[in-house]
Amino acid sequence: MTRLTIITGPDRGRTIEPADDGTPTVLGRQSSDIVLPDPAVSRRHAELCFDNGRWTVRDLGSSNGTFVNEQKVAEQLELASNDQIRCGTTVLLFESTQPSEQARKRYDSAASTPTDQGGETMVGSTSGSLVSKTSARRHRQAAQAGLAALNRSHGIKNLLQSLAGSREVLEQAFKTGDMDRARRGWQVLNSNLDQINRLVLDLLKLSHDRSPNLTDCDLNALLRQIVETARQQAVGKNILLGLQLDPDIESVALDADRIAEAVLNVILNAIDAVDPNKGNIAVATQADSPHNQVIIKVSDNGPGIEDTQVIFEPFHTTNLKKGTGLGLSIAKKIIEEHHGKIHVESTPGNGATFIIQLPTQPTPKAHTVSFRPEQGGAEESA
């Protein structure tokens, strides 16, 4: 017998028994097989299939990816009983009496791999018992995310109240046939749903460990793409966004998607910090061969930062409408997962400079990723 139980998400507690007749079962927001009413789930998100005595899952090109035990599914993956499948913010517990030799080997390998030299270090927990260093770190991250959410509970409550108000407006509009009023109510409802969706996804990113998928990447080309992504927001506020690339930088082993997310968060933070029509932001790369690292700098002429440590704490922002307040926290986490560092130099009233340091040690397992041709050393501005 095989069973899926939704343990988090809009349909929490629902149990599903997928067919084991070899017919693929599609999970998605608008699937004809298993519907997941989660705005973070794509219309056709993932596919389950039973073939040759084994259950597998694969992603169907979803917007937010499919994860098994918080590892992104890059190709078809065999499932083992008690695996957790995450689509958007919905997590499904997979339980099956079918044997799974390949998946069992995956579990045995993970269980036998020490995370520290000489075995996993044991540390004390708040309850007085001993737990592994990894478990303690995960508990600390989960507690940090929970405390951060609690600190923002008032803002979240306002979002939920706005959702309830929009629902009432829609109900009244439908009763009276007032479609103009219904459209206005839907716009407010949709906006608040997007904010809640971003908040939940960012909390998931913050609370889970994730090993980078390292590839040899043209860092300068990646930075050009990141700046182009942010340029629309800069132009909309009449903010100058400059880019200076060091032509001496060679390919760097990193997780391009994750580093792009981290650097984009830093740039968007700078765009929010500077004054419209007066803002000036400079993004630059720099090779630091003596220290086996590359440096990315994001400088702005905003008001500066008084406390350069608290800026990386979750929900530091005072305005939920500008974002979730987790952007810099997530950026710091991603960079540290790459064994890099991020810090900020600032004097109140004189802007701020965020400095990202990424190691360039050889990584034999990395493979090459190509971007658009890059013109080293070019400088651009919005």
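A brief look at the structure comes next.

Quick notes on the rules
- Residues numbered from 1 in each chain as written.
- Predicted model: local features only at pLDDT ≥ 70, side-chain atom pairs only at ≥ 80, totals over all residues.
- Heavy atoms only, no water.
- Core = buried A, V, L, I, M, F, W, Y, C linked by side-chain atoms within 4.5 Å.
- Buried < 20%, exposed > 50% of the residue type's maximum accessible area, 1.4 Å probe, protein only.
- Helix = DSSP H or I, 4+ residues; strand = E, 2+ residues; numbered from the N terminus.
- Pairing = 2+ DSSP bridges.
- Axes fitted to C-alpha atoms, helices over the stretch in contact; angles between N-to-C directions.
- Left-handed = near helix turned anticlockwise from the far one by under 90°.
- Contact = heavy atoms within 4.5 Å.
- Nonpolar A, V, L, I, M, F, W, Y, C, P; charged D, E, K, R; others polar.

## Quick look at the nonpolar core
Next, step 1: Counting 46 residues, the largest nonpolar core has Leu254, Ile267 and Phe354 as its most contacted members.
Next, step 2: In terms of residues, this core owes the most to one element, helix 6 (residues 256-273), which gives 10 residues.
Next, step 3: In terms of nonpolar packing, the next biggest core, distinct from the first, is built from 19 residues, Leu27, Val57, Cys87 and Phe94 among them.

## Focus: the sheet that holds strand 8 (residues 71-72)
Next, step 1: The antiparallel open sheet is built from six strands, whose spatial order is 2-1-11-10-7-8. The open sheet has two free edges, formed respectively by strand 2 (15-16) and strand 8, since each of these has just one partner strand.
Next, step 2: Direction of pairing for strand 10 (residues 83-87) relative to strand 11 (residues 90-96): antiparallel, over a ladder of five bridges. Opposite aspartate 83, over in strand 11, you have phenylalanine 94 as the bridge partner.

## A word on helix 7 (residues 327-337)
Next, step 1: For helix 7, the buried fraction is high: eight of the 11 residues fall into the buried class.
Next, step 2: Among the residues making up helix 7, those that are buried are Leu328, Ser329, Ile330, Ala331, Lys333, Ile334, Ile335 and Glu337.
Next, step 3: Backbone geometry just after helix 7 places histidine 339 at a positive phi near 60 degrees.

## Describing the packing of helix 6 against helix 7
Next, step 1: Contact geometry for helix 6 and helix 7: axes closest at 9 Å, N-to-C directions at 145 degrees. Where helix 6 crosses over helix 7, the handedness of that crossing is left-handed. Taking contact as the criterion, the partners of Arg258, Ile259, Glu261, Ala262, Asn265, Val266 and Asn269 in helix 6 are, on helix 7, Gly327, Leu328, Ile330, Ala331, Ile334, Ile335 and Glu337.
Next, step 2: Across the contact of helix 6 with helix 7, the residue classes break down as eight nonpolar, three polar and three charged.

## Notes on the environment of isoleucine 335
Next, step 1: Topologically, isoleucine 335 is positioned in helix 7.
Next, step 2: Residue classification places isoleucine 335 among the buried positions, given a relative accessible area of 1%.
Next, step 3: As a C-alpha pair, isoleucine 335 and leucine 254 span 81 residues in sequence and 9.8 Å in three-dimensional space.
Next, step 4: Beyond its immediate stretch of four places on either side in the chain, isoleucine 335 contacts Ala262, Gly340, Lys341, Ile342, Ile356, Gln357 and Leu358.

## Here we look at the packing of helix 5 (residues 219-236) against helix 6
Angle between the axes and distance between the axes are the two parameters that describe a pair of packed helices.
Next, step 1: Where helix 5 meets helix 6, the axes come as close as 10 Å, and the angle between the chain directions of the two elements is 35 degrees. Classified by chirality, the crossing of helix 6 by helix 5 is right-handed. Between helix 5, through Leu222, Leu223, Ile226, Val227, Thr229, Ala230, Gln233 and Ala234, and helix 6, the contact on the second element is made entirely by Ala256, Ile259, Ala260, Val263, Leu264, Ile267, Leu268 and Ile271.
Next, step 2: In terms of residue class, the contact of helix 5 with helix 6 is built from 14 nonpolar, two polar and no charged.

## As for the environment of glycine 242
Next, step 1: Structurally, glycine 242 can be placed in strand 15 (residues 240-244).
Next, step 2: Note on glycine 242: relative accessible area 13%, which makes it buried.
Next, step 3: Distance from glycine 242 to isoleucine 281, taken between C-alpha atoms, is 6.2 Å for residues 39 residues apart in sequence.

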